[in-house]
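Listed here are the chains, written in short residue letters.
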Amino acid sequence: MKRVKIKELLKTSPQNQEVLVKGWVRTFRNNQFIALNDGSTNNNLQIVVDFNNTSEEILKRITTGASLSITGTLIASQGKGQTVEVSAKKIEILGDSDAEKFPLQPKKHSLEFLREIAHLRFRTNTFGAIFRVRNNLAFAIHKFFNEKGFVYINTPIITSSDAEGAGEMFHVTNFDIANPPKTETGEVDYKQDFFGKATNLTVSGQLEGELAAMAFSDIYTFGPTFRAENSNTARHLAEFWMIEPEMAFYDLNDNMDLAEEMMKYVMKYAMEHNAEDLEFLSQRLFEEEKQKPQNERSEMRLIEKLNFCIENNFERVTYTEAIDILRESNHNKKKKFNYLVNEWGVDLQSEHERYLVEKHFKKPVILTDYPKNIKAFYMRQNDDGKTVRAMDILFPGIGEMVGGSQREERLDKLETRMKEMNIPTQDLSWYLDTRRFGTCPHAGFGLGFERLVLFVTGMTNIRDVIAFPRTPKSCEF
Ligand code: 4AD
Ligand code: MG
């Protein structure tokens, strides 16, 4: 007989048909009712055990966490809370679970505690919901780009360039680091290393993506990226997943339109395909926020918030306009920011970004045309000589979700800017070739996948939306 997943069974009309189910015990009550879960849904399947005709030996081994295979008949449920249940005929214990030692108890565990037991964390309602939502968001992203005719490109994980020019890279080497070969002048001799040069884990696939866009027109990457920035916050990971579309013949407006359309599409997809999980997460957040003082609670429930983002246009403002808003805000005048906003040109701190989206506009905001000095070398320079065609999309509760720009397609301007910023043009001559042979206006952006999952699930710490988080001083499992 073929095993049926619980999600399917719960939708099946009961006609005393014989079924085979497999899963893990959530609870076992009164020696009679097993709540069985197989991860296909947060809802458990009730298994009714005929304890008079089941051996004591088996009954003892039906413990929380044990894995079971059950053959029985699907019947309409007598009890409340479910429409169907399985009346067990044969129970096989596939894997025992010592009840005394099982770390999850039928009570509320802290998210911090659950992070330490990665294997069982997946078996909780909260993380079951989060990872099913994450899965559908990833699928929806591929679906969105596929429907638009974008080509999915896999850019390298090991590279020899620093795409962002920020120097936040993890080095990749085969050397005995205590004793690396040296050159005559005493420097580490990377010529003798595995790749014959210094290499690192990628911080972004953008530069390679641009090469592909100069042939396919529209491409996207979706892969892991690595940042050795020592930011121990609830929004930074050392290893995170990024979606980076790159489009030939797009300007910044086209770029913003695409980003906004994509975000709405994937949120809608999750709402349609993870309705139960999002309902659960919405309730979880609501309960969590009850602990907070009234003025710190969200005005909207999670589902409402997602609907709001899908239905409303993102606000588009320039950096210069944003600085004026911040400078004139009561918050600034009353010195409530840690970093006061006085002059044009300063980088925005997350407190400023959050003020703009949460207090001022109360919706997602796209900030454009940042000062060139706080942005990467590849962004297209505006005629004012001061700003570049950058865009950041800011979300409530998250801050920066997307970073992107129109690219500088003019070789001379790009080379000059690279020299000003001490970016080695020699090492990036393969990149500059795109500007030598058939350059064209183009644009792209990077969406931090975990930040998207954070927003959609209503979680507050980025460590809770990735299965195995990597952060400063922490690399478990
Ligand atoms: O703004 P960033 O650094 O932009 C780039 O890497 C560009 N090359 C993207 C492009 O234009 N193709 O990063 C893009 C996004 C950020 O907006 C943020 O959502 C996410 O990546 N991100 C992080 N997410 C988690 N942990 C970190 N340490 C992150 N750093 C950036
Ligand atoms: Mg950025």
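Quick look at the structure, then. On a predicted model such as this, the values are computed, not experimentally measured, just so you know. (Residues numbered from 1 in each chain as written. Chains lettered and ligands numbered in written order. Predicted model: local features only at pLDDT ≥ 70, side-chain atom pairs only at ≥ 80, totals over all residues. Heavy atoms only, no water.)

**Details of the packing of aromatic side chains**
Stated formally: Under the pairing criterion, centres of Phe, Tyr and Trp rings, with the six-membered ring standing for Trp, must be within 6.5 Å; the plane angle then separates stacked pairs below 30 degrees from edge-to-face pairs above 60, leaving the rest tilted. Segments assigned H or I by DSSP are reported as helices when at least four residues long, segments assigned E as strands when at least two residues long, and all are numbered from the N terminus. We call a charge positioned above a ring when the Lys NZ or Arg CZ atom is no farther than 6 Å from the ring centre and deviates by at most 35 degrees from the ring normal.
Following the criterion strictly, the structure yields 22 aromatic pairs and no others. Ring geometry for Phe222 versus Trp241: centroids 6.2 Å apart, planes at 75°, classification edge-to-face. In this pair, Phe222 sits in strand E10 (residues 218-226) while Trp241 sits in strand E11 (residues 239-248), placing the two residues 19 residues apart along the sequence. Taken together, Phe144, Phe145, Phe150, Tyr152, Tyr220 and Tyr265 form an aromatic cluster joined through their ring pairs. Over the aromatic face of Phe286 sits the side chain of Arg301, whose NZ or CZ is 3.6 Å from the ring centroid. Positioned above the aromatic ring of Trp344, the side-chain terminus of Lys386 is 4.6 Å from the ring centre.

**Structural notes on helix H14 (residues 429-436)**
Basically, it comes down to this: Buried means the residue's accessible area, taken with a 1.4 Å probe over protein chains only, is under 20% of the maximum for its type, while exposed means over 50%, and partly exposed covers the values in between. This arc is built from the directions going out from the helix axis to the C-beta atoms. Note on contacts: a residue pair is in contact if any heavy atoms of the two residues lie within 4.5 Å.
Within H14, the full set of buried residues consists of Tyr431, Leu432, Thr434 and Arg435. Looking down the long axis of H14, one finds its buried residues gathered within 135° of arc, a one-sided arrangement. Where H14 is buried, its residues touch helix H6 (206-216), helix H13 (411-420) and strand E16 (442-448). Gly438 lies just past H14 and shows a positive phi near 80°.

**Focus on the site of ligand 1**
This is how it is decided: Near, as used in this document, describes a residue that has one of its heavy atoms within 4 Å of the molecule or strand being considered. By the criterion applied in these results, polar contacts are pairs of N or O atoms within 3.5 Å in which, for protein atoms, one can donate a hydrogen and the other can accept it, and in which residues neighboring in sequence qualify only through two side-chain atoms. Residue exposure ignores everything except the shown protein chains as possible cover, and the areas themselves are Shrake-Rupley values with a 1.4 Å probe. In the scheme used here, Gly and all other residues not listed as nonpolar or charged are polar, with Ala, Val, Leu, Ile, Met, Phe, Trp, Tyr, Cys and Pro taken as nonpolar and Asp, Glu, Lys and Arg as charged.
In the region of ligand 1, 24 residues are neighbours, and Glu164, Gln206, Glu244, Glu400 and Met401 sit closest. Ser204 is positioned with one of its side-chain polar atoms (N or O) 3.0 Å from a nitrogen atom of ligand 1. Glu229 places a side-chain nitrogen or oxygen 2.9 Å from a nitrogen atom of ligand 1. In the complex, the protein chains occlude 94% of the 630 Å² of accessible area that ligand 1 would expose alone. If you list the elements that add at least two residues to the shell around ligand 1, you get E11, strand E15 (399-406) and E16. Here the residues of the shell around ligand 1 are counted per class, giving eight nonpolar, eight polar and eight charged.

By themselves, these are just geometric observations and shouldn't be taken as functional.
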